[in-house]
Amino acid sequence: MESNNWHIHETEFNPEHLHHKETVFTIGNGYLGTRGTFEEAYPGDRPATLVHGVFDDTPLVHTELANVPNWLPFFLFVNGEQFRSDRGVLLSYQRDLDLRTGALTRTVRWRSPAGDTVKLTIERFASLDDPHLLGIRYRVTALDFEGTVKFRAGLDGQVDNLGWTHWRLVDQGAFGRRGAYLHVRTRGSGIELCEACHLAVSGVGGASYTHLDCKNAPTTVARLSVSPGEQVTAEKLVVLITGRESDDPRQAAFRKVQEALSRGYDDLRMANDTAWAQEWEACNVTIEGDDEVDLALRYSLFQLLIAAPRRDEYVSIPAKSLSGFGYRGHVFWDTDIFVLPFFTYTRPEIARNLLMYRYHTLPGARRKAQENGYEGAMFAWESADSGEETTPRLVPGPDGELIRIWTGDIQHHISADVAYAAVQYWRVTGDDEFMRDYGAEIVLDTARFWGSRAEWNAARGRYEINDVIGPDEYHDHVDNNAFTNRMARWNLEAALETLAWLRREHPEKAADLDARLDLTQERTTYWVDVIGYLYLPHDPETGLMEQFDGFFDLEDADLAEYEPRSQSMQVQLGVEGIQRHQIIKQPDVLMLLYLLRNEYDRETLQVNWDYYIPRTDLTYGSSLGPSVHALMAARLGEPDLAYAQLLHAAQIDLKDLRGNTAEGIHAATCGGLWQAVVFGFAGLQVSEERYTVAPRLPLHWKRIGFSFRHRGETVKLTLPNRDAGEGGDSGTDNRQTIDNPQD
């Protein structure tokens, strides 16, 4: 199946949407992400390039990805008049993000204040073939004048993270006759970085080159003469290398620039396009009959792919990807639960890297557990480079008053979420080597944490987990959150299964972990006891689960009475007020039923769906919610609600539904959208031996097509909508079971 929906277009420049569109037009290559600011800048813009792993100290939030020197500056002067979108006259404007190749192109007709008219085509790309390589091609056509065209191509070290600066200048200067370099070091973490650029101008006449060595802004200048109808092309190649990849980033950058020049812009761009073609061959999803969702899903996958580390297992995908300053580049459960499945099923090599990041941060998780009086690995709610907890304890509120943030202290389900992600990866890929050498240790050490976290209530004869926050962050300091308790029990069960597998298949590794993690018979017997007696707030007759102790006693509310509204229910009722109501931010019990979907029947799902959906802040709660609701509604045969929630998820960033896309892409929504389509509407379920599909497609969808990997084999599926055009019910069960899938 092919689709023509590969382009994100902008046909009018509106400064009121400046920061939103900067996020939307982010490009990247899995090593770095660059926001869609203009090469010539614009008043009030927020240029940013964020590089995986380049963290530096900052107040309140501990550490953040440091905005690296801006590689975009590329200024055009027409007879001495600088091209800017806020000067002269924009006669026409178009910006296009080509998802197929990752190239961002802007086409402009501009008349200078002096009346000279030019046509401009400005293309940029971040090479997927070589992640350290970036390129800009600037074409200028003189439409109605004769005179001089001047280009200034440079690097800008005067960058900040919303006012906080991270870099000290080490050195700068000219690189050859047409190049410049900038060498800097972070103030706190001491990470060095070097950017080097080269400018080449071609056209009807020869260009003259000079170098400007302004502090923190080394620049190459080229001048040449043009006549009406003549075109000039300027190409800027940039290399960015940090001390994380090289002991001498400056020399490494110089060498790579020379290598790039020997190949030329066209060859470099072709290599990038070829790399993207291979990526889409593995990852693309096509929805025929719904152009809006087809394009939005492809855009979401593009945003995940440009944030995904392909060559680095010490970094992960932040909640706002590499597209903005939101959450400071920290990693949440968003990656493990919402993002990772897409890669597990399509690019397992990337999924493995993301899980290896969790393995490498085990020392930080162990320190957190010890500091809080627990055993094992207690993963940070917000994690950066070391695995230490980076959740701010206090943040300024709207009125400037400091607000206490409890998620880093008591949102403990993250530890089970990480273990769950590791086990799901193993079951889908069959990567026994990963599980033996790395994954088992994650699962076993998080189980040690849960064993120490469970509290025995002698009066009630049960284990409990008290004073936590579940996925629903509208309620904190709750006891026996259903999601947390059940996932803790799952973690302990998975640990016993993993340990049995290790002892059977890899006894030497089992013996090593037995010794290092103190996996005695006494401990594993205790785990069995916790599994058997850990309290789950569940009515066995109806199947209804109470989200946490006392939830059913809270004041009920009819959310329809608050409509229309443009803010969350927490803002409507206040932080304290929302705690007194049965109003939830996002799926909590329903999230549990989704993750452990093979353990609960349809009746249990239905009764909890019927209870919790009317009490969920669907529109302005968490951005994590709509995709999960779409998925579960599709499985329950509620196509209208399923599609409405799918569309909501699809539009969150492209249409800025939450008003906060300026802070960065909602990476969890991007991953959740893929899960909603593939696991929900296509009904894909995978076991070790086989997979099944049970399509429940909206009536206007003609078919969907996608690929996935199952235990080393590629499976390509095209699922027609058998109900379309027949007046059928899209809830019809079209289940198909396939054994031993082959290419």
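In the block above lies the structure referred to throughout.
Read on for an overview of the structure. (Residues numbered from 1 in each chain as written. Predicted model: local features only at pLDDT ≥ 70, side-chain atom pairs only at ≥ 80, totals over all residues. Heavy atoms only, no water.)

A few words on empty space enclosed by the protein. Across all of its chains, the model carries seven cavities of 30 Å³ or more by this definition. By volume, the largest cavity is sized at about 170 Å³. In terms of lining residues, the largest cavity is bounded by 15 residues, among which P341, Y420, Q424, R597 and F679 are the most central. Looking at the lining of the largest cavity element by element, the count peaks at six residues for helix α5 (residues 333–346). (1 Å grid on protein atoms, 1.4 Å probe; cavity = no way out; pocket = protein on both sides within 12 Å on 5 of 7 lines; lining within 4 Å. Points joined across faces, edges and corners; volume = space filled by probe spheres on them. Helix = DSSP H or I, 4+ residues; strand = E, 2+ residues; numbered from the N terminus.)

Strand order in the open sheet formed by nine strands is β1-β9-β10-β11-β12-β19-β16-β15-β14, and the pairing between neighbours is antiparallel. Since the sheet does not close on itself, it has two edges, and those belong to β1 (7–10) and β14 (167–175), each with one partner. Averaged over all neighbouring strand pairs, the angle between strand axes comes to 15°, with direction disregarded. In terms of strand pairing, strand β10 (residues 103–111) meets strand β11 (residues 117–126) through eight bridges, oriented antiparallel. Bridging across to β11, V108 finds its partner in L120. Where helix α3 (residues 265–283) meets the sheet, it contacts β10, β11, β12 (133–142) and β19 (231–242), and its direction lies at approximately 50° from that of β11. (Pairing = 2+ DSSP bridges. Axes fitted to C-alpha atoms, helices over the stretch in contact; angles between N-to-C directions. Contact = heavy atoms within 4.5 Å.)

With that settled, consider the sheet that holds strand β28 (residues 713–720). Spatial strand order, β20-β27-β28: three strands in an open sheet with antiparallel pairing. A strand with exactly one partner marks an edge of an open sheet, and here the two such strands are β20 (285–288) and β28. Mean inter-strand twist for the sheet, computed between neighbouring axes without regard to direction, equals 15°. Relative to β28, strand β27 (residues 703–710) runs antiparallel, the two sharing eight bridges. In the sheet register, I704 faces β28, and the bridge partner there is L719.

Relative to the elements of secondary structure, Q685 occurs in strand β25 (residues 685–686). Owing to a relative accessible area of 26%, Q685 belongs among the partly exposed residues under this scheme. Here the alpha-carbon distance between Q685 and R404, two residues 281 residues apart in the chain, equals 41 Å. (Buried < 20%, exposed > 50% of the residue type's maximum accessible area, 1.4 Å probe, protein only.)

This brings us to the nonpolar core. Core analysis: the biggest nonpolar cluster contains 202 residues, and Y138, F151, W333, F343, L646, W701 and F706 have the highest contact counts within it. Within the second largest apolar cluster, 16 residues are counted, among which are F175, Y181, A260 and Y265. (Core = buried A, V, L, I, M, F, W, Y, C linked by side-chain atoms within 4.5 Å.)

Looking now at helix α9 (residues 414–429). Note on helix geometry: an α-helix contains 3.6 residues per turn, so any two residues three or four positions apart are oriented the same way. Its 16 residues place the ends of α9 23 Å apart at the C-alpha level, agreeing with the 22 Å of an ideal helix rising 1.5 Å per residue. Of all 16 residues in α9, 14 are buried; the element is thus mostly enclosed. Downstream of α9 by one or two residues, G430 has phi in the positive range, about 70°. (Expected span 1.5 Å × (residues − 1).)

According to the stated counting rule, one finds 54 salt bridges in the structure shown. In this structure, the salt-bridge partner of E464 is R462, at a minimum N-O distance of 2.7 Å. Of the two residues, E464 and R462, neither departs from the other in class, the shared state being buried. The partner of D512 in a salt bridge is R516, and the shortest N-O contact between them spans 3.2 Å. Pair noted here: D512 and R516 are both in helix α12 (residues 507–516), with a separation of four residues, about one helical turn. You can call D512 partly exposed: its relative accessible area is 31%. Overall, the relative accessible area of 43% leaves R516 in the partly exposed class. (Salt bridge = Lys/Arg side-chain N within 4 Å of Asp/Glu carboxyl O.)

Relative to the assigned elements, T391 resides in the loop between α7 (362–371) and β21 (394–396). Polar contacts involving the side chain of T391 include one to the main-chain amide nitrogen of E382, which spans 3.3 Å. At 2.5 Å, the side chain of T391 and the side chain of E389 are in polar contact. Dropping the residues within four chain positions of it, T391 is found in contact with H62, W381, E382, I405, T407 and G408. (Polar contact = N/O pair within 3.5 Å; in protein donor to acceptor, adjacent residues only side chain to side chain.)

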